[in-house]
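# Descriptive analysis of the structure
The chain contents come next:
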Amino acid sequence: MDKKEKLSSMEYWDNILSKAKIPFEVNLKQYSVWLIDSFFREFIRKENYKTLLEVGAGSSAWLPYLAKEYNLTVSGIDYSEPGCKICEENLKILGINYDEVICKDIFQWQGGKKYDIIISLGFIEHFNNPDEVVQIIRKHLNQRGLIITVIPNLLGIGSIITKYFLPEVYKIHKKISIDKLKNVHEKAGLTTLKNNYAGFFYPMIIPWQVKQNGIFFTKESSRKIVFKIIELTNALITKILRTFKIRSGSKFFSPFIIYVGKVKENNSNN
């Protein structure tokens, strides 16, 4: 696989993922978690799914939650060794009965097991060729398997803010429209169950913690003040959004685009 197809480097992810502190898991009281989970919950509940794999699972906080909430045997794949190590240690500490954590580049992921559900949360937009990425994921789904793909909405207000304040982060994301997201999945042999913008913008969708430059971010004292203001603002906004169960989305204000699809029953490419 040509490295130019990847918009971010292994070194970048090793640095980000190695900083995770364990144990950790997502919490439904968090707006983003509740929002994403509520989007696909009905599709998992209605079937007798048993296995799930997360693509881009380095330092995953979602796998423990998905295992417990849906009684699934979970696995993960990531190419960052520090990320894989922390992911596995976290699952063990939390007492999760997981299958395996595969430390491998997705483009070298051949053969092996197939899964009832494969989920990715902010993964395919880091590649110039999301079509190929989804096709690889599709090959590892069981017949009638479910795919859940969550990407940031890079056509809305969050993208504008990121581009202005964090251009280095903006550059490692490929813009994928809602129509493109649906198209790449259907080309891979999936039937679309749901494909929508999700939720309302909140401040912490922007990865402020990686910002190092600018008058308010270079000094540690000013960084702490700015982050505290952002955190308090975010807490207030997300509490309101969670309290009033605001899920409906729009192209400009939604933080996410989420796709749920199923392998076509007559699709023999399995």
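Here is a short report on the structure shown in this document. This structure is a prediction, so every number in the text was calculated from the model and none was measured.

### Quick look at helix H3 (residues 62-70)
Summarising burial for H3: seven of the nine residues are buried, a large majority. Here H3 has its buried residues at Trp62, Leu63, Pro64, Tyr65, Leu66, Ala67 and Tyr70. Buried residues along H3 sit in contact with helix H2 (31-45), strand S1 (51-55), strand S2 (73-78), helix H4 (81-93) and strand S4 (115-121).

### Some words on the packing of H2 against H3
Between two packed helices, what matters for the description is the angle formed by their axes and the separation of those axes. Taken N-terminus to C-terminus, the directions of H2 and H3 make an angle of 40°; their axes are 13 Å apart at the nearest point. Comparing the axis directions of H2 and H3 gives the class oblique. The hand of the H2/H3 crossing is right-handed. Packed against H2, whose contacting residues are Val33, Ile36, Asp37, Phe40, Arg41, Ile44 and Arg45, the element H3 presents Trp62, Tyr65, Leu66, Glu69 and Tyr70 at the interface. When the residues that make up the contact of H2 with H3 are grouped by side-chain class, the tally is eight nonpolar, no polar and four charged.

### Description of the sheet that holds S2
Ordered by their spatial adjacency, seven strands build an open sheet running S3-S2-S1-S4-S5-S7-S6, and the pairing between neighbours is mixed. For this open sheet the edge positions go to strand S3 (101-103) and strand S6 (190-198), each flanked by a neighbour on one side alone. The sheet shows a mean angle of 15° between the axes of neighbouring strands, direction not considered. Contacting S2 and S3, H4 runs over the sheet at an angle of about 170° to S3.

### Some points on a nonpolar patch on the surface
Where nonpolar side chains cluster on the molecular surface, the patch consists of Ile160, Phe200, Phe252 and Phe253 and spans about 360 Å² of accessible area. Tracing the sequence through the fold places isoleucine 160 in helix H6 (residues 157-165). The class of isoleucine 160 is exposed, set by a relative accessible area of 52%.

Cut-offs used in this document
Residues numbered from 1 in each chain as written. Predicted model: local features only at pLDDT ≥ 70, side-chain atom pairs only at ≥ 80, totals over all residues. Heavy atoms only, no water. Buried < 20%, exposed > 50% of the residue type's maximum accessible area, 1.4 Å probe, protein only. Helix = DSSP H or I, 4+ residues; strand = E, 2+ residues; numbered from the N terminus. Contact = heavy atoms within 4.5 Å. Axes fitted to C-alpha atoms, helices over the stretch in contact; angles between N-to-C directions. Parallel < 35°, antiparallel > 145°, perpendicular 65-115°, else oblique. Left-handed = near helix turned anticlockwise from the far one by under 90°. Nonpolar A, V, L, I, M, F, W, Y, C, P; charged D, E, K, R; others polar. Pairing = 2+ DSSP bridges. Patch = residues over 30% accessible without salt bridge, like charges linked within 9 Å, V, L, I, M, F, W, Y side chains within 5 Å. Areas by Shrake-Rupley, 256 points an atom, 1.4 Å probe, with all protein chains shown as cover. Salt bridge = Lys/Arg side-chain N within 4 Å of Asp/Glu carboxyl O.

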